[in-house]
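Geometric and topological summary
If you want the building blocks of each chain, they are given just below.
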Amino acid sequence: MRTPTPYRQLYAWHRAAIAGDERPRIADEPQCGWYRIKLVRNGPWIPVRIWCSQHIEAATGELLADERIFAEQDGITVDPIGVWTSAHPISRKAYDQLVELRSYTPAMADDHAPVDLIKAELRP
Amino acid sequence: MTAPIGHNSLPEIEQLQLEVSEHLSSRHEWVEAGAETREQAELMNDYVGGLRALKKRVEDMRAAAVDPLKEDLKETERVFLILASKLNGNILVLDLILTDFLVEHGGNIGSATGGARTRSLRTYRSVEIENALKLFVHYRDDPEILDALTKRAAKDVRSKSVDSDGIPGIRIIEQPLIS
């Protein structure tokens, strides 16, 4: 019987990175967690989430299919290997705040342009 | 059409005044909210980044407006000065809050949006003299010190009737010079 990888193992790299102990990255082994990425200098942070899809039999807890790693960048599915090496790990709370901040900050709308902080209309 | 550099039109300045006023409208909210968490500090850093960008715009427009032939130069200068001083005051206050945060929590303050530069603490070192004679002996051969001493002595020699006995360690050179 195949068993799913436990969450603590899937998120171990991310948890350590957040605690200040970022271990070396292996390019083709993206690690589950919450991140932010920038496409241009002074451009807006874009939220990135990497997670593992596990198809589990509810009654037995058996893994019914191979586990697969997925990633989304600002809600759009992207290649996890492509995004992982340049993404900065952030806490889940910071990720949620970034998603919220982008939703009401038009100055962060263009991923390929520097953020105009004068027009950002930020509030504490 | 944008006015060429050196010819800021009044509407441009009014537009700038409006932008500064709009940006500063939330200044009390930022001071009241403070920076307890890193997330708050990062967002405040972005707001300060906006203030700094506006200050740079004010300075750039002021430099472009320097045209001695313009009659309203003094008035224009006054407007720019007020805007720059308003922005500066608020940058200083918020930078103090961010400094307190860094002193307490360490690390640095990034940007919540991505647009502001990362802020960190640097140590500013300065000096207070405890023993001037010891200090002078240490620097006695330093060209900058010798140059400063030469200028200081020359000032006394030129303005007062002081001879080389009055100032030890110098030789007075007198040469004819047409005036």
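Up top is the structure.
In this report, the structure presented in the accompanying data block is examined. What you see is a predicted model; the values in this text were computed from it and never measured.

A separate point is the pairing of strand S3 (residues 68–73) of chain A. Residues and elements named next belong to chain A. Inspection of the sheet shows strand S2 (residues 46–53) paired to S3 by six bridges, in the antiparallel sense. Across the sheet, the residue bridging to isoleucine 50 is alanine 71, located in S3. Two elements, S3 and strand S4 (residues 76–78), share three bridges in a ladder whose sense is antiparallel. Residue glutamine 73 lies in a different strand from S4, and its bridge partner there is isoleucine 76. What sits between S3 and S4 in their antiparallel hairpin is a turn of two residues, with aspartate 74 showing a positive phi close to 55°.

For the rest of this paragraph, the subject is a nonpolar patch on the surface. Residues and elements named next belong to chain B. A cluster of nonpolar residues, Leu133, Phe136, Val137, Leu146 and Leu149, forms a patch on the protein surface that exposes about 440 Å² of accessible area. Ranked by residue count, the leading element in the nonpolar patch is helix H5 (residues 132–138), at three residues. Counting through the fold element by element, leucine 133 comes out in helix H5.

This paragraph deals with the environment of alanine 53 of chain B. Residue and element names in this part refer to chain B. By secondary structure assignment, the location of alanine 53 is in helix H3 (residues 38–65). With a relative accessible area of 31%, alanine 53 lands in the partly exposed category. With 75 residues separating them along the chain, alanine 53 and glutamate 128 place their C-alpha atoms 36 Å apart.

A few words now on the packing of aromatic side chains. Residue and element names in this part refer to chain A. If you walk through the whole model with that rule in mind, you get seven aromatic pairs over all chains. Centroid distance tryptophan 13 to tryptophan 84: 4.8 Å. Interplanar angle 75°. Geometry classified as edge-to-face. Residue tryptophan 13 is found in helix H2 (residues 12–18), and its partner tryptophan 84 is found in helix H3 (residues 80–84); the two are separated by 71 residues along the sequence. For tryptophan 84, a relative accessible area of 0% puts it in the buried group.

A separate point is helix H4 (residues 92–103) of chain A. In a regular helix each residue adds 1.5 Å, so 12 residues correspond to 16 Å; H4 of chain A covers 17 Å between its end C-alpha atoms and thus fits that length. Looking at H4 of chain A, one finds that the buried residues are Ala94, Tyr95, Leu98, Leu101 and Arg102 of chain A. Buried residues of H4 of chain A, viewed axially, fall in a sector of 125°; they line one side. In H4 of chain A, those exposed residues whose orientation departs by more than 90 degrees from the buried face are Arg92 and Ser103 of chain A. Buried positions along H4 of chain A lie against strand S1 (33–37), S2 and S3 of chain A together with H3 of chain B.

A water-sized probe, rolled over the atoms, reveals where empty space remains. In this structure, the largest pocket encloses a volume near 790 Å³. Arg36 and Ala94 of chain A together with Arg38, Glu39 and Glu42 of chain B are, among the 34 residues lining the largest pocket, the residues nearest its centre. Counting only elements with at least two residues in the lining of the largest pocket, the list comes to H2, strand S5 (88–89) and H4 of chain A together with helix H2 (27–33) and H3 of chain B. Among the elements that line the lining of the largest pocket, the one with the most residues is H3 of chain B, at six residues. Computed from the structure, the second largest pocket encloses a volume of approximately 460 Å³.

What counts, and where the lines are drawn
Within every chain, residues take consecutive numbers counted from 1 along the sequence as written. Chains and ligands are labelled by the order in which they are written, letters from A for the one and numbers from 1 for the other. For a predicted model such as this one, the threshold for reporting local features is a pLDDT of at least 70, and the threshold for listing and counting side-chain atom pairs is 80 or more; totals across whole chains, interfaces and linings nevertheless cover every residue. The basis for every side-chain value is the complete set of heavy atoms in the structure, and neither hydrogens nor water enter the calculation. When DSSP finds two or more bridges between two strands, those strands count as paired. Helix and strand assignments come from DSSP, with helices taken as H or I runs of at least 4 residues and strands as E runs of at least 2, each series counted from the N terminus. Note on patches: the residues involved have over 30% relative accessible area and no salt bridge, like charges join within 9 Å, and the nonpolar side chains Val, Leu, Ile, Met, Phe, Trp and Tyr join within 5 Å. Residue-level accessible areas treat just the shown protein chains as cover; the underlying method is Shrake-Rupley with a 1.4 Å probe. Salt bridges are counted wherever a side-chain nitrogen of Lys or Arg sits within 4 Å of a carboxyl oxygen of Asp or Glu. With a 1.4 Å probe rolled over the protein chains alone, any residue whose accessible area is under 20% of its type maximum counts as buried; one over 50% counts as exposed, and the rest are partly exposed. A pair of aromatic rings is counted whenever rings of Phe, Tyr or Trp (Trp by its six-membered ring) have centres within 6.5 Å, and the orientation is called stacked for planes under 30 degrees apart, edge-to-face for over 60 and tilted otherwise. Expected span of a helix: the number of residues minus one, times 1.5 Å. When we speak of the arc, we mean the arc of directions from the helix axis to the C-beta atoms. We call two residues in contact when some of their heavy atoms are within 4.5 Å. Only protein atoms enter the 1 Å grid used here, on which a cavity is any set of points holding a 1.4 Å probe that cannot leave and a pocket is any open set flanked by protein within 12 Å on both sides along at least five of seven lines; residues with an atom within 4 Å of a point are listed as lining. Grid points are joined across faces, edges and corners, and a volume is the space filled by probe spheres set on the points.

Remember that the coordinates give geometry; whether it matters functionally is a separate question.
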